Amino acid sequence: MSSQLILPAFLVSILLFAVLFFGLGFIINMLIKTAWLPAILYPVIILLYIDDISTLDYFTQFGSSMPALGEKMASLAPSDITVLSAGWIGAIISGIVMKMLRSRGYQMF
């Protein structure tokens, strides 16, 4: 890939993750009416996504699965961490927006 295409793709990825998880968080907040559930679940879902370990192994082989997860997290590139953090920020902002809308009297939120 050309080095001229890397920066725009990186910036678009940051924007897409933030908007995507803001939208998902907003919809989940409307349906379940808990403002912070998406922001709490996002890191758990991302950790389950980036590892190569079965979810069941976290319960059956906890001692070996946690160091493997730590190694996988340490091997993430700074660009990956930035993009994933943008998604988490989007989920947090959706909770803030929901709280603001509810406090201003919007009943459907």
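Described in the following lines is the structure provided in the data block. As the structure is a computational prediction, the values presented were derived from the model and not from experiment.

Let's shift gears to the packing of helix H2 (residues 37–50) against helix H5 (residues 78–103). At a closest axis distance of 8 Å, the pairing of H2 and H5 adopts a crossing angle of 155°. Classified by the angle their axes make, H2 and H5 are roughly antiparallel. Where H2 crosses over H5, the two elements pack in a sense that is right-handed. Counted together, Pro38, Ala39, Tyr42, Pro43, Ile46 and Ile50 of H2 and Leu84, Gly87, Trp88, Ala91 and Ile92 of H5 form the full contact between these two elements.

Turning next to the packing of aromatic side chains. Counting across every chain of the model gives 3 aromatic pairs. Measuring from centroid to centroid gives 5.7 Å for phenylalanine 17 and phenylalanine 21, while their planes differ by 45°, and the two rings are tilted. You can see phenylalanine 17 and its partner phenylalanine 21 sitting in helix H1 (residues 3–32), 4 residues apart, about one turn around the helix. Relative accessible area serves as the criterion here: at 27%, phenylalanine 17 is assigned to the partly exposed category. Grouped by ring-pair contacts, the aromatic residues Phe17, Phe21 and Tyr42 constitute a single cluster.

By volume, the largest pocket is sized at about 240 Å³. Around the largest pocket, the lining residues are Tyr42, Pro43, Ile46, Leu47, Ile50, Met73, Leu76, Ile81, Leu84, Ser85 and Trp88. Broken down by element, the lining of the largest pocket gets its largest block of residues, 5 residues, from H2.

Cut-offs applied
- Residues numbered from 1 in each chain as written.
- Predicted model: local features only at pLDDT ≥ 70, side-chain atom pairs only at ≥ 80, totals over all residues.
- Heavy atoms only, no water.
- Axes fitted to C-alpha atoms, helices over the stretch in contact; angles between N-to-C directions.
- Helix = DSSP H or I, 4+ residues; strand = E, 2+ residues; numbered from the N terminus.
- Parallel < 35°, antiparallel > 145°, perpendicular 65-115°, else oblique.
- Left-handed = near helix turned anticlockwise from the far one by under 90°.
- Contact = heavy atoms within 4.5 Å.
- Phe/Tyr/Trp six-rings, centres within 6.5 Å; stacked < 30°, edge-to-face > 60°.
- Buried < 20%, exposed > 50% of the residue type's maximum accessible area, 1.4 Å probe, protein only.
- 1 Å grid on protein atoms, 1.4 Å probe; cavity = no way out; pocket = protein on both sides within 12 Å on 5 of 7 lines; lining within 4 Å.
- Points joined across faces, edges and corners; volume = space filled by probe spheres on them.

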